[in-house]
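So you can see what is in the structure, the chains are spelled out below.
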Amino acid sequence: MKIATFNAASVRARLPLLVEWLATEEPDVLAIQETKVEDDKFPREEIEDLGYQIAVHGQKSWNGVAIVSRHPINAVKTGFSDELFPNDCRIIACEVNGVSIVNTYVPNGNTVGSDKFIYKLGWLERFRTYLDQNYRPTEPLVWLGDINVAPEPQDVYDSKRMLGSVGHHPDEFVRLAKIVDFGLVDVFRQFETGPSHYTFWDFTIPRSVERNLGWRIDHIYATPPLAALCQSCTIDTGARSWPRPSDHTFVVADFDI
């Protein structure tokens, strides 16, 4: 079962790339973040024509998450379902072929010390509670998406300079570690332990892709029973150089189920 994640930075702007990638790679499930479109304006037809079902949770111009699957999508849930956090279209969860899938677009945080950064930390704390309330680490679960945290020095091109900034901050590391302590495995790191493996290259840095000045902030986690069945996890760096790309690229995990 091939499961992938991709921050599209506007699903409509990235539609030609997305359609080509789906047709070529044929994943069983693709989690998409930052769709930036209301549910009724999501480009369903082009994706459904490839044989995919779609579940969406979107809003105009901001955020938005979606799951596309070659198999039936069951038990769709969106948001935290409480009053502590607004329903800002950052979570969509479902079940596909007996596997629970949680797709998230974690808040960026903007600037350390800002209200948005405080919101990000609180969001990460709330997400750990969400896992405790809805899942068990002994069950097959995949959490994936744009996590907006590069948790280790090898996850960013210049950790010394970036340490303490948004996305590579100790306060974020602590909260992400608590989420992982639920019982999750970073499946990419089962296969690649070294530096220079990135999923995001900033458009504002000249020739960032060619120079590989990137961040690994798009992750795929699985509970131990499922992580043990993971045969590979790769970053499709080539797609970042396709015409009209997102600043992120696809991460793909293949499970023997």
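About the cut-offs
- Residues numbered from 1 in each chain as written.
- Predicted model: local features only at pLDDT ≥ 70, side-chain atom pairs only at ≥ 80, totals over all residues.
- Heavy atoms only, no water.
- 1 Å grid on protein atoms, 1.4 Å probe; cavity = no way out; pocket = protein on both sides within 12 Å on 5 of 7 lines; lining within 4 Å.
- Points joined across faces, edges and corners; volume = space filled by probe spheres on them.
- Helix = DSSP H or I, 4+ residues; strand = E, 2+ residues; numbered from the N terminus.
- Nonpolar A, V, L, I, M, F, W, Y, C, P; charged D, E, K, R; others polar.
- Phe/Tyr/Trp six-rings, centres within 6.5 Å; stacked < 30°, edge-to-face > 60°.
- Buried < 20%, exposed > 50% of the residue type's maximum accessible area, 1.4 Å probe, protein only.

### Looking at the layout of surface pockets
Next up, step 1: Roughly 660 Å³ of internal volume is contained in the largest pocket.
Next up, step 2: Surrounding the largest pocket, 28 residues form its lining, Tyr105, Asn108, Gly109, Asn110 and Asn148 being those nearest its centre.
Next up, step 3: Looking at which element gives the most residues to the lining of the largest pocket, the answer is helix α3 (residues 115-134), with 3 residues.
Next up, step 4: The residue inventory of the lining of the largest pocket, partitioned by class, reads 12 nonpolar, 8 polar and 8 charged.
Next up, step 5: Reported here for the second largest pocket is a volume of approximately 160 Å³.
Next up, step 6: Surrounding the second largest pocket, Pro151, Glu152, Asp155, Phe173, Leu176, Ala177, Val180, Asp186, Arg189, Arg216 and Tyr221 form its lining.
Next up, step 7: Per-element accounting of the lining of the second largest pocket gives the leading share, 4 residues, to helix α5 (residues 170-180).
Next up, step 8: Considering only residue class, the lining of the second largest pocket consists of 6 nonpolar, no polar and 5 charged.

### Concerning the packing of aromatic side chains
Next up, step 1: Applying the stated rule across the entire model yields 9 aromatic pairs.
Next up, step 2: Relative to Tyr221, the ring of Trp143 has its centre 4.9 Å away and its plane inclined at 15°; by these criteria the two rings are stacked. You can see Trp143 sitting in strand β8 (residues 141-146) and its partner Tyr221 sitting in strand β12 (residues 218-222), a full 78 residues away along the chain.
Next up, step 3: Among the residues examined, Trp143 registers a relative accessible area of 0% and is labelled buried.
Next up, step 4: Using a relative accessible area of 2% as the deciding quantity, one classes Tyr221 as buried.
Next up, step 5: Ring pairs connect the aromatic residues Phe80, Trp123, Phe127, Tyr130, Tyr135, Trp143 and Tyr221, which therefore count as one cluster.

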